[in-house]
Amino acid sequence: MFTDIDRLRADTPGIAHRIHLNNAGAALMPRPVLEAMTGYLTRESEIGGYETAAEAAPRLDAVYASVARLIGASRDEIALTENATVAWQMAFYSLAFKPGDRILTARAEYAANYVAFLQVAKRTGAVVEVIPDDADGRLDPEALRRMIDDRVKLIAITWVPTNGGLVNPAAAVGAIAREHNIPYLLDACQAVGQMPVDVEALQCDMLSATGRKFLRGPRGSGFLYVRRELLERLEPPMIDHFAAPWVATDRYELRPDARRFENWENNYAARLGLGVAIDYALDIGMEAIAACCRDLSGHMRQALARIPGVTLHDLGPDPAAIVTFSVSGHDANAIKEGLAKAGINVSVSVPASTLLDAEARHLPALVRASPHYYNSSDEIDRMAAEVQRLVAFASSQG
Ligand SMILES: Cc1ncc(COP(=O)(O)O)c(C=O)c1O
């Protein structure tokens, strides 16, 4: 636990109203993020949108450096996007596939990514294959190694899936991808903000992430990283005159940096909020945040496991701060609503968000509770007590 947890909690106005355990959905923004954004919007209303952007240009520009610092990249390898999905799509749809090309992914791949694989497979004749898991339920790097051949044109996996605490061995996958010179696209949406991210250690070529989850940034913000060597070879699936200036009547020239994946119009208040959220996390320290997330989610798992009828569905030996569980005889939505009435925010992870994993493990809709460093053990105990009360109440009814 942090020594300055009181300050961090005081920076989080939302905790006065709710016990917020939906950080894998959207975390509570800290006050500096909120103030940067509202200040920016106020200024837009006072002097005009273009004028505010010009005035704030150095601060807006610094957001690229903040993202780069967060993930160990260079600023010219960063594109800012409106969410993680657009970031991921820009990378994925830039790649060319032909019949028989193989796309390798993991069992708990996120729905948005998987439907894009299916679409590209339908259009091009490429095939999508799932890398087997190890005994702990994580992607098995040795199984991946055995799958590699000349037809593997992409490895694209989710590091921390949306439906539980599983942490896939993203760096081991990167080592194999690099060894065989296969492009590697990593969905780090649920990892950024809750654990250190270093693209050099991960050896990924492309990485997508969102602002609103564990980073505690605003909704409608995200980013894409593309390694410089690959960047120059990728033509975005869609361009405008920002991504590719119109240099002659019959010609455009793609920007040399990752901003070729952006377009002209943006929500600058959200970008600024993203930058402040990243600086805020880096000031606290990603190692400290990761340790705290592990402690709190471990505490939550222990508390829930003691409740009769509760089954945890997390996989992996060292799970992240996404705790998913079912309660025998109770619908996940009913538990979510019951908790909401007690002022406790959780979410529901539906099978269709990770369909391969849900089918393989026969998972129903799961309650998803995702603590963050600003939560307290007391909040977690209150949540577990409320789950217990809901279960006991339902049993007494019938
Ligand atoms: C693993 C994973 N990838 C991608 C996304 C999509 O992120 P966004 O909604 O910012 O596009 C999510 C959102 O829940 C996610 O959990």
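Analysis parameters
Residues numbered from 1 in each chain as written. Predicted model: local features only at pLDDT ≥ 70, side-chain atom pairs only at ≥ 80, totals over all residues. Helix = DSSP H or I, 4+ residues; strand = E, 2+ residues; numbered from the N terminus. Rg over C-alpha atoms; globule rule 2.2 N^0.38 Å. Buried ≥ 20, exposed ≤ 12 C-beta atoms within 10 Å, placed from the backbone. Pairing = 2+ DSSP bridges. Axes fitted to C-alpha atoms, helices over the stretch in contact; angles between N-to-C directions. Contact = placed C-beta atoms within 7 Å. Near = placed C-beta within 6 Å. Nonpolar A, V, L, I, M, F, W, Y, C, P; charged D, E, K, R; others polar. Domains from an automatic or database assignment. Core = buried A, V, L, I, M, F, W, Y, C linked by C-beta atoms within 7 Å. Parallel < 35°, antiparallel > 145°, perpendicular 65-115°, else oblique. Left-handed = near helix turned anticlockwise from the far one by under 90°. Right-handed = clockwise from strand over helix to strand, strands pointing away.

Secondary structure assignment for the chain yields 15 helices and 15 strands. Computed over its C-alpha atoms, the radius of gyration of the chain comes to 22 Å, within 12% of the 21 Å expected for a compact globule of 398 residues. Each principal axis of the C-alpha distribution contributes one length, and for the chain these read about 75 × 60 × 35 Å. Per-residue burial for the chain yields a buried fraction of 46% across its 398 residues.

Strand order in the open sheet formed by seven strands is S2-S8-S7-S6-S5-S3-S4, and the pairing between neighbours is mixed. Lying at the two open borders of the sheet, with one neighbouring strand each, are strand S2 (78-81) and strand S4 (127-131). When strand polarity is set aside, the average angle formed by the axes of neighbouring strands in this sheet is 20 degrees. Strand direction decides the pairing type here: strand S5 (residues 152-158) and strand S6 (residues 184-187), joined by four bridges, are parallel.

Strand-to-strand pairing in sheets goes through backbone hydrogen bonds, with the strands running parallel or antiparallel. Reading across from one edge, S11-S12-S15-S14 is the order of the four strands in this open sheet, with antiparallel pairing throughout. Edge positions in the open sheet fall to strand S11 (310-312) and strand S14 (347-349), since each of these has one partner strand only. Within this sheet the neighbouring strands show an average axis-to-axis angle of 40 degrees, counted without direction. Bridge count between S11 and strand S12 (residues 323-327): three bridges; the pairing is antiparallel. Across the sheet, residue threonine 311 finds its bridge partner in S12, namely serine 326.

Now for the environment of aspartate 187. By the secondary structure assignment, aspartate 187 is in strand S6. Assessed through the 33 C-beta atoms surrounding it within 10 Å, aspartate 187 is described here as buried. Along the sequence, aspartate 187 and valine 367 sit 180 residues apart, while their C-alpha atoms lie 22 Å from each other. Ignoring any residue separated from it by four or fewer positions in sequence, one finds aspartate 187 in contact with Trp88, Tyr110, Asn113, Ile157, Thr158, Trp159 and Ser208.

Taken together, 13 residues surround the ligand, and among them Asn83, Ala84, Thr85, Thr162 and Thr210 come closest. In the shell around the ligand, the residues fall into five nonpolar, seven polar and one charged.

With that settled, consider the domain arrangement of the chain. What the domain assignment reports for the chain is domain 1 (5-29 + 285-397) and domain 2 (32-283). Relative placement of domain 1 and domain 2: their C-alpha centres are 27 Å apart. Listed by partner, the interface residues are 34 residues for domain 1 and 31 residues for domain 2. Among the elements of the structure, helix H12 (286-305), S12 and helix H14 (355-360) are those that each provide at least two residues to the side of domain 1 that touches domain 2. Here the side of domain 1 that touches domain 2 takes six residues from H12, the largest share from any one element. Here the side of domain 1 that touches domain 2 is composed, by residue class, of 21 nonpolar, nine polar and four charged.

One recurring pattern in soluble globular proteins: nonpolar side chains tend to sit buried together. Formed by 116 residues in total, the largest nonpolar core has its most connected members in Leu186, Leu224 and Tyr225. Here this core takes 10 residues from helix H11 (residues 268-284), the largest share from any one element. In this view, tyrosine 225 contacts Ile71, Ala73, Glu77, Ile78, Val199, Met206 and Leu207; residues no more than four positions away in its chain are not counted.

This paragraph deals with the environment of leucine 95. Structurally, leucine 95 is set in the loop between helix H5 (84-92) and strand S3 (102-106). Looking at leucine 95, the number of C-beta atoms within 10 Å reads 21, which means it is buried. Through-space distance from the C-alpha of leucine 95 to that of proline 183 is 9.2 Å; in sequence the pair is 88 residues apart.

This part is about the packing of helix H13 (residues 332-341) against helix H15 (residues 377-397). Remark: H13 packs on H15, axes separated minimally by 10 Å, with the N-to-C direction vectors making an angle of 120 degrees. Taken together, the axes of H13 and H15 lie oblique to each other. Pair H13 / H15 crosses with right-handed handedness. Contacts between H13 and H15 pair Ile335, Gly338 and Leu339 from the former with Met383, Glu386, Val387 and Leu390 from the latter. Residue classes in the contact of H13 with H15 are distributed as five nonpolar, one polar and one charged.

Excluding glycine, a negative phi dihedral is what most residues carry, and trans is how most peptide bonds are arranged. In the Ramachandran plot, glutamine 203 falls in the positive-phi region, its phi being about 55 degrees despite a non-glycine side chain. Among the secondary structure elements, glutamine 203 is positioned in the loop between helix H9 (199-202) and strand S7 (206-210). We note that histidine 362 has phi near 50 degrees; this positive angle belongs to a residue other than glycine.

Before going further, it helps to spend a moment on the environment of alanine 68. Its place among the elements puts alanine 68 in helix H4 (residues 57-71). Sequence separation between alanine 68 and valine 199 is 131 residues, and the spatial gap between their C-alpha atoms is 9.7 Å. Beyond its immediate stretch of four places on either side in the chain, alanine 68 contacts Ala73, Ser74, Arg75 and Ile78.

With respect to burial, S5 is a largely interior element, five of its seven residues being buried. Bridge count between S3 and S5: three bridges; the pairing is parallel. Counted as the bridge partner of leucine 104 is isoleucine 155 from S5. Handedness of the crossover is the feature at issue here: the chain leaves S5, passes through helix H8 (residues 170-179), returns alongside S6, and the resulting connection is right-handed.

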